[in-house]
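# Report on the structure
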Amino acid sequence: MTFTTLIDYIGTFAFAISGIRMAAAKKFDWFGAYVVGLVTAVGGGTIRDLLLGVTPFWMLQPSYLIVTGFALLVVIVFGKQLIKMNTTMFLFDAIGLGLFTVVGFEKSLAAGFPIWVNIIMGTLTGAAGGILRDTLINEVPLIFRKDVYATACILGGFIFYICQKIGIGNAMCEILSASSVILIRIWAVRKSASLPLMKDDTAEEDEAMKGRS
Amino acid sequence: MTFTTLIDYIGTFAFAISGIRMAAAKKFDWFGAYVVGLVTAVGGGTIRDLLLGVTPFWMLQPSYLIVTGFALLVVIVFGKQLIKMNTTMFLFDAIGLGLFTVVGFEKSLAAGFPIWVNIIMGTLTGAAGGILRDTLINEVPLIFRKDVYATACILGGFIFYICQKIGIGNAMCEILSASSVILIRIWAVRKSASLPLMKDDTAEEDEAMKGRS
Amino acid sequence: MTFTTLIDYIGTFAFAISGIRMAAAKKFDWFGAYVVGLVTAVGGGTIRDLLLGVTPFWMLQPSYLIVTGFALLVVIVFGKQLIKMNTTMFLFDAIGLGLFTVVGFEKSLAAGFPIWVNIIMGTLTGAAGGILRDTLINEVPLIFRKDVYATACILGGFIFYICQKIGIGNAMCEILSASSVILIRIWAVRKSASLPLMKDDTAEEDEAMKGRS
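Residues numbered from 1 in each chain as written. Chains lettered and ligands numbered in written order. Predicted model: local features only at pLDDT ≥ 70, side-chain atom pairs only at ≥ 80, totals over all residues. Heavy atoms only, no water.

### Side note on the interface of chain C and chain B
This is how it is decided: Any two residues whose heavy atoms approach within 4.5 Å at even a single point are treated as in contact. Buried area is understood as the total, over both parts, of accessible area removed when two parts are fitted together, assessed with a 1.4 Å probe. Any Lys or Arg side-chain nitrogen found within 4 Å of a carboxyl oxygen on Asp or Glu counts as a salt bridge. Distance and chemistry together define a polar contact, namely a pair of N or O atoms within 3.5 Å, with one atom able to donate a hydrogen and the other to accept it when in protein, and with adjacent residues in sequence counting only for side-chain atoms on both sides. Strands here mean DSSP runs of E at least two residues long; helices mean DSSP runs of H or I at least four residues long; both are numbered from the N terminus. Any residue outside Ala, Val, Leu, Ile, Met, Phe, Trp, Tyr, Cys, Pro, Asp, Glu, Lys and Arg is labelled polar, Gly included; the first ten of those are nonpolar and the last four are charged.
Tallying the contact residues gives 39 residues for chain C and 53 residues for chain B. Both faces combined, the contact of chain C with chain B buries some 3900 Å², and carbon together with sulfur accounts for 66% of it. Between chain C and chain B we count 0 salt bridges in total. On inspection of chain C and its partner chain B, the count reaches 4 residue pairs in polar contact (both at pLDDT 80 or more). Looking at the side of chain C that touches chain B, the elements that each hand over two or more residues are α2 (30-52), α5 (115-136), α6 (150-165) and α8 (205-208) of chain C. Here the side of chain C that touches chain B takes 6 residues from α5(C), the largest share from any one element. Grouping the amino acids of the side of chain C that touches chain B by side-chain chemistry returns 22 nonpolar, 5 polar and 12 charged.

Here it is in structure tokens:
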């Protein structure tokens, strides 16, 4: 197992844990929790692969399903203790976010798409699983309302692009890009940084956009 | 019309009825009810086909749209009487679930995917339409919270695999697998069987996974 | 820039504005508002392209992302004044709906699909973005409950088909079909026309379809 594979599993595990715990808060059964965990972990990459027109990555080897099953087991067995490990889980999540962003960026690049598609694919890989998760548990997606999350992926994508432009080797581009995502994420949570909110007064859409659907 | 086609239509009809009735409970208009019925009936197979990278099955012949239209007509005209037919509709639904599972399993198998992908594709074909339906009507998916539903599909997939391994002919594998799904489903509803629920105390995700999206 | 391109941008702009304003009503941040605007504008065409098995149109040129960014800027800067422009925005939206319907219809036709698939693809292109938008902001899709919206797309598709059958030139078919969608839409809003609603008494699905998911 390479270092990248290890990080990939750590990220998958952290994402799955996040989905499973939210499913638990909604009193889902084991199957429902597993599905929400899996969708959180592989949902972003699946949307990316469908958009790129390739077979979704988790259909090519069973490890993502197994890691998610392991995450379910951990939540069922160690439920309460997990709360004490929130900092660890947050770090795992941030590391996963950094890696997923790079993986998505490079997969799109290899498929011949331009830089702005690569950035979107990196961001989707990192952040779309959480949006799907929130839709499945019938909540408004968290990342639309608070925090710097997807924005870290977007910035990480830019950094990858700049690194390539100035001729840094690919491995170093990956490390710098992923690290940026992780550091931005940690910085944002420490500082409780978030993007500006939209103002409500601009919207009275029900009458305003009469019938617009 | 072969026997399989007949069962296919019966399943489509039952799935569509389920979606249309839930749309009616939300006071959707005829168009909304039709869409929800159609998504319930063909949504699972559509996700399967997109993941497998083939043209969605309902784009190749119009019968699924027609059966859904017929289901809408039945609900509009016979609305109240339908409640008395709940056992019949439940049986139709179970039969559809069994067939859809087998169809999804075999389509994935024919596309060259391994057993665990086949099981997932069978389960998606049977159960994902209901998840899409609940997302569209803005409810938490039922099958995540109660009942044995998708689990019946998973077990049916295993039985298909075992039948093949021990060298039973394909037609018999199909019958045994579909029957298992149907019987597990009937047994589960009779016994009010359901999977264990997740415990809520493991999740305080809002603070816990601070900012995790 | 051709006339069609101009109309395409106007429609994209109007659709994006509608999504961004609804996101503002939910107090999303700038990123969330941008995503909801983008999904409203390109979501329908993306579902169409995935179903047709081609690369989503917005991945081939960045203009849709730029127009959506411009729409975000407009809402942020001119928020309150936009309310006074509701009639204009409604017209832009209707024009976009007409064009999107024709674009979807023709793309499906060019891919070799039959008339009923073409009509569905035209309707998806026009109306599915709004459904995705409502799902993302955790609301029941508006077009399922009131108004004549998707129905205008369906009728516009039929008119395109009839025009072709009676041998009218392609450009004229496009104009007649798009105009029909726009006029039906304007007529429906003026007359507060809407489709019949489903009756609630047909549905007691929770007990009725016991366990149906």
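### Some words on helix α1 (residues 3-25) of chain A
Threshold: Any helix carries an expected span of 1.5 Å times its number of residues minus one.
When the terminal C-alpha atoms of α1(A) are compared, their 33 Å separation across 23 residues agrees well with the 33 Å that a helix rising 1.5 Å per residue should span. Just downstream of α1(A), A:Lys27 is the residue with a positive phi angle, here 60°.

### Here we look at the packing of helix α2 (residues 30-52) of chain B against helix α3 (residues 63-82) of chain B
All names here are of chain B. Here is the rule we go by: With axes taken as lines fitted to C-alpha atoms, and helix axes fitted only over the stretch in contact, angles between N-to-C directions fall between 0 and 180 degrees. When describing relative orientation, an angle under 35 degrees is termed roughly parallel and one over 145 degrees roughly antiparallel, while 65 to 115 degrees is termed roughly perpendicular and anything else oblique. Whether a crossing is left-handed or right-handed is set by the direction in which the near helix is turned from the far one by less than a right angle, anticlockwise for left-handed and clockwise for right-handed.
The geometry of α2 relative to α3 is characterised by a closest axis approach of 9 Å and an angle of 130° between their N-to-C directions. Here α2 lies oblique to α3, going by the angle between them. Crossing of α2 over α3 shows right-handed handedness. Of α3, the residues touching α2 (which contributes Trp 30, Ala 33, Tyr 34, Gly 37, Leu 38, Ala 41 and Val 42) are Tyr 64, Leu 65, Thr 68, Gly 69, Leu 72 and Ile 76. Residue composition of the contact of α2 with α3, grouped by class: 10 nonpolar, 3 polar and no charged.

Interpretation note: all reported values are geometric properties and have no functional meaning in isolation.
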